[in-house]
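Tertiary structure, described
What follows is each chain in one-letter form.
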Amino acid sequence: MINFRDFTYFSMTYIFIEEDEDIVCEYEQTNASLKVAADGNSITFMLKNIDTNEDSEEYTTTLVKEADDEFYLKSSYFEDADEPYPLSVEVSDEEVSFTLASEDEVMYLYGFFA
């Protein structure tokens, strides 16, 4: 079981798969603190594109844990910010890797423990 209160930091790698060259975008958590819902079932944080200095490149991302241990991502990064996207999850001693994959893009969201 993943306890969202144990996380201290998030980063994201988004890969757009192209025929001739993949485009990789890197995001890191901003200085805003992590916010865990009172019920402990979700965590909210801001990510910033580290490849640019533009303030408009910040995104709010929320991970929601369902009762059946399924994980979903809602993010203003996507066109439909309220759409819950299902995530694959891999847990290690130091981090959790959440993955969202489609035919032409892959998102890796890493959550690091204290």
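Structure report, in brief. All residue numbers here refer to positions counted from 1 along the written sequence of the relevant chain. Owing to the predicted nature of the model, reporting of local features is limited to residues with pLDDT of at least 70; listing and counting of side-chain atom pairs is limited to 80 or more, with chain, interface and lining totals taken over all residues. Working from all heavy atoms in the structure, the side-chain values ignore hydrogens and water.

A word on the overall build of the chain
Short version of the rule: A run of DSSP states H or I qualifies as a helix once it reaches four residues; a run of E qualifies as a strand once it reaches two. Both are numbered from the N-terminal end. For a compact globule the rule gives 2.2 Å times the number of residues to the power 0.38, and the radius of gyration it is set against comes from C-alpha atoms. For every residue, the accessible area obtained with a 1.4 Å probe (protein chains only) is divided by the maximum for its type, and the residue is called buried under 20%, exposed over 50%, and partly exposed between those limits. Only heavy atoms matter for contacts: two residues are in contact if any of them lie within 4.5 Å across the pair. Surface accessibility follows the Shrake-Rupley procedure with a 1.4 Å probe radius. Residue values consider only the protein chains on display as shielding. In this tally Asp and Glu are treated as negative and Lys and Arg as positive; neither His nor the chain ends contributes. By convention, the point assigned to a charge is CZ for Arg, NZ for Lys, CD for Glu and CG for Asp.
Regarding its fold elements, the chain presents zero helices and nine strands. In terms of overall size, the chain behaves like a compact globule, its C-alpha atoms giving a radius of gyration of 14 Å where 114 residues would be expected to give roughly 13 Å. Residues counted as buried form 37% of the 114 residues belonging to the chain. Excluding contacts between residues fewer than 6 apart, the proportion of contacts in the chain whose partners are at least 24 apart in sequence is 38%. Carbon and sulfur atoms make up 43% of the accessible area of the chain, which totals about 7000 Å². Seen as two clouds, the 5 positive and the 29 negative side-chain charges of the chain have centres 14 Å apart.

Considering the pairing of strand β2 (residues 23-29)
Keep this limit in mind: Pairing between two strands is assigned when DSSP locates at least 2 bridges connecting them.
Taken together, the six bridges between strand β1 (residues 7-16) and β2 define a ladder with antiparallel strand orientation. Note on β2: the bridge partner recorded for Phe 16 is Ile 23. Where β1 folds back onto β2 in an antiparallel hairpin, the turn is made up of six residues. Direction of pairing for β2 relative to strand β4 (residues 42-49): antiparallel, over a ladder of three bridges. Bridge pairing in β4 places Tyr 27 opposite Asn 49.

Quick look at the nonpolar core
Rule in force here: Put simply, buried Ala, Val, Leu, Ile, Met, Phe, Trp, Tyr and Cys residues joined by side-chain atoms within 4.5 Å make one nonpolar core.
Core analysis: the biggest nonpolar cluster contains 23 residues, and Phe 10, Leu 63, Phe 98 and Leu 109 have the highest contact counts within it. Among the secondary structure elements, those contributing two or more residues to this core are β1, β2, β4, β5 (58-65), β6 (71-75), β8 (95-101) and β9 (105-113). No other element matches β1, which puts four residues into this core. In contact with Phe 98, not counting residues within four places along its chain, are Phe 7, Phe 10, Leu 63, Phe 71, Leu 87, Ser 88, Val 89, Met 107, Tyr 108 and Leu 109.

Observations regarding the packing of aromatic side chains
Using the following cut-off: Aromatic contacts are taken between Phe, Tyr and Trp rings whose centres are within 6.5 Å, Trp giving its six-membered ring; a plane angle under 30 degrees counts as stacked, one over 60 as edge-to-face, and the others as tilted.
Using the criterion set out here, one finds 13 aromatic pairs in the structure. Between Phe 10 and Phe 45, the ring centres sit 4.0 Å apart and the planes meet at 10 degrees, which makes this aromatic pair stacked. Pair noted here: Phe 10 is in strand β1 and Phe 45 is in strand β4, with a separation of 35 residues, a long-range link. A single burial state applies to Phe 10 and to Phe 45, both of which are buried. Consider the rings of Tyr 14 and Phe 16, whose centres lie 4.9 Å apart with planes at 40 degrees: the pair is tilted. Here the aromatic residues Phe 4, Phe 7, Phe 10, Phe 45, Phe 71, Phe 98 and Phe 113 are joined through ring pairs into a cluster of three or more.

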